[in-house]
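# Structural description and commentary
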Amino acid sequence: MQTTASLFLNTLARAGVTHAFVNWGNDHPAILEELERQRVEDGHTTIQIVTCPNEMVGLSAAQAFTQVTGTSSLVIVHVDVGTQALGGAVHNVDRGRAPVIIFSGLAPFSAQGEHKGSKNEWPMWVQDVPDQTAIVRQYMRFSTQIMSGKSVAKTTLRALQFANSGPKGPVYISARRETLEEEIEPSTAEETIDLSRWPPISPEGLSSTAAKTIIDALSSARFPLVIVAHSGRNTRTVAPLVELCDKFAAAVFMSCGSSVCIPYSHPSFLGNNFGGKIPLLDEADTILIIDTDIPWIDAWDNAPQKGSRVFVIDPDPLKQSYGWSHVDAELLCRADSEVALGQLLEAAKQPGVVLDAPAIAARAKQLKLRHDEFIAGLKEVERSRAVGDVADVAHVLATLRQAVVEKTPSHGERTLWLNEAISSYHEVYNHIRPNVPGSMITSGGTSLGWALGAAVGAYLGNKSTNTGHDLLVAVVGDGTFMFCVPSSAYWMARKYNTPYLTIVLNNGGWAVSIDCGAGDTY
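The next subject is the sheet that holds strand 16 (residues 440-441). Taken in spatial order, the 4 strands make up an open sheet running 16-15-17-18, and their pairing is parallel. At either end of the open sheet lies a strand with only one pairing partner, and these are strand 16 and strand 18 (501-505). Where strand 17 (residues 471-477) and strand 18 come together, 5 bridges link them in parallel fashion. Within strand 18, the residue paired with V476 across the bridge is V504.

As structure tokens, this is what we get:
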């Protein structure tokens, strides 16, 4: 006889979920029974189980698995305490827009044997809190409770729709122990739902008016600037962004980024930062902001020059879950980056679009010179072997980059970099200089402790999809390293055979706490 737990796992497997990162508790007997049934009858489980001794490490692993594969993963935790133990990783999957399914049991609602799964241990009274979902609700795209085995498949598929609709993100599903133990009639268990009828929302595009307005502005611009951050999470955006920038000789700058939006070697790319002055804003007369949460920080005397035209393309242009976010813009466009870039390239081919070829060629030549100067400046910094008795970060990273090029079969082309260096975020980008789409990722959030667990999940994702990475490198600060719960992360790496290299940049203190006092507000 199958149970609600059986249908829950089977629905997820049919929907393409292949891995579950779990921390078991007394709310999960029905799930464990179903997994054992699968092992006995089928020789394997429909979803691969990854045991995670620490919940935050487990969710970080699930996030990176999803980042590498582009598919949802499952996290299973234990009632309210396991939900709380997910910690800051909940913030990261929200801000990093990772469509992870988080499942937690709820304490039993019965106590005298009225149902299978009734309370039978003392913690079940203590863990029966008024609103367990409230712990994470504000970070979720959708939260729901499985109320019956008869509707578990539809409840689960609805959650997956939310998780994979833009802006993507985590969902939270819970169920009482009695509900998971509910036995399902064969007619219900054998019912097959047509998954093609449960798609996520189709990615949104630009209106034809918006596309034309942006292209007209780029066509007439003296110095067009594209600011990026997260579009590279979808690797299919890189090529059309390169094509757009080549067509208009637009400069590119990455602000507080989390991905490889454009190759570092591209002649239009002029740098990145995670705070500080952006001089390019003083030059640009047209600014196109694509999928960027923080295009600049006002406190560092950053603002577009008066009269410049500013356009925002983003799946969430108003940043609806931020307490404050604003850009003085001519147009705010809710649109998927890949779709929008394709539309802009098509709009640029339409009759009536006039391009000043000599001016664009001259600007492209100047951009190439500025890019070369930018890279030359980085190389000059890298030549410094030490600052006092401490190795210089730039030199360490450059040496690492060169070693990876020399020692890996792909010469660094198939290396995946997990960047959680925090106060050295920009240094890792600058001195590793990733060119391959998808070759450098971050948590997308600000809760430290992602990278080591993430490396385990990324490795499993690489193996699951045959992505072909020949080396994974996690670059962290010394504070981040401790937040990563290395005992748990390395236990998982050993158990599941997911080798990776960890580089710890020890700056001898909490540099982020010191740096936050910089700027005009202090």
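For the rest of this paragraph, the subject is a nonpolar patch on the surface. A surface patch of nonpolar side chains, amounting to about 430 Å² of accessible area, comprises W122, W125 and V126. Mapped onto the secondary structure, W122 falls in the loop between strand 4 (101-106) and helix 6 (123-126). Residue W122 is classed as exposed on the basis of its relative accessible area, which comes to 68%.

Right, let's get into the environment of V68. As for its placement among the helices and strands, V68 is situated in helix 3 (residues 55-69). The spatial distance from the C-alpha of V68 to the C-alpha of P486 is 21 Å, given a sequence separation of 418 residues. Residues in contact with V68, not counting those within four places in the same chain, are L416, A458, G461, N462 and T467.

On to the pairing of strand 11 (residues 309-314). The buried fraction of strand 11 amounts to 5 of the 6 residues, a majority that puts the element mostly inside the structure. Inspection of the sheet shows strand 11 paired to strand 12 (residues 331-334) by 4 bridges, in the parallel sense. Directly across from I313, in strand 12, lies its bridge partner C333.

This paragraph deals with the environment of F481. The topology assignment puts F481 in helix 17 (residues 478-483). The spatial distance from the C-alpha of F481 to the C-alpha of A359 is 49 Å, given a sequence separation of 122 residues. Dropping the residues within four chain positions of it, F481 is found in contact with L452, V476, P486, Y490, T502 and V504.

Definitions and limits used
Throughout, a residue's number is its position along its own chain's written sequence, starting from 1. At least 70 in pLDDT is required for a residue's local features to be given in this predicted model, at least 80 for side-chain atom pairs to be given and counted, and no such filter applies to totals for whole chains, interfaces and linings, which use all residues. Side-chain descriptors were evaluated using all non-hydrogen atoms of the structure, hydrogens and water having been removed beforehand. At least two bridges found by DSSP between two strands is the condition for calling them paired. In this text, helices come from DSSP runs of H or I with a minimum length of four residues, and strands from runs of E with a minimum of two, each type numbered from the N-terminal end. Patches in this entry comprise residues that are over 30% relatively accessible and not in a salt bridge; like charges within 9 Å are linked, as are nonpolar side chains (Val, Leu, Ile, Met, Phe, Trp, Tyr) within 5 Å. The method behind every accessible area is Shrake-Rupley, applied with a 1.4 Å probe, and residues are considered shielded solely by the protein chains displayed. Definition used for salt bridges: Asp or Glu carboxyl oxygen within 4 Å of a side-chain nitrogen of Lys or Arg. Accessibility here uses a 1.4 Å probe with only protein chains present; expressed as a share of the type maximum, an area under 20% marks a residue as buried, one over 50% as exposed, and anything in between as partly exposed. Note on contacts: a residue pair is in contact if any heavy atoms of the two residues lie within 4.5 Å.

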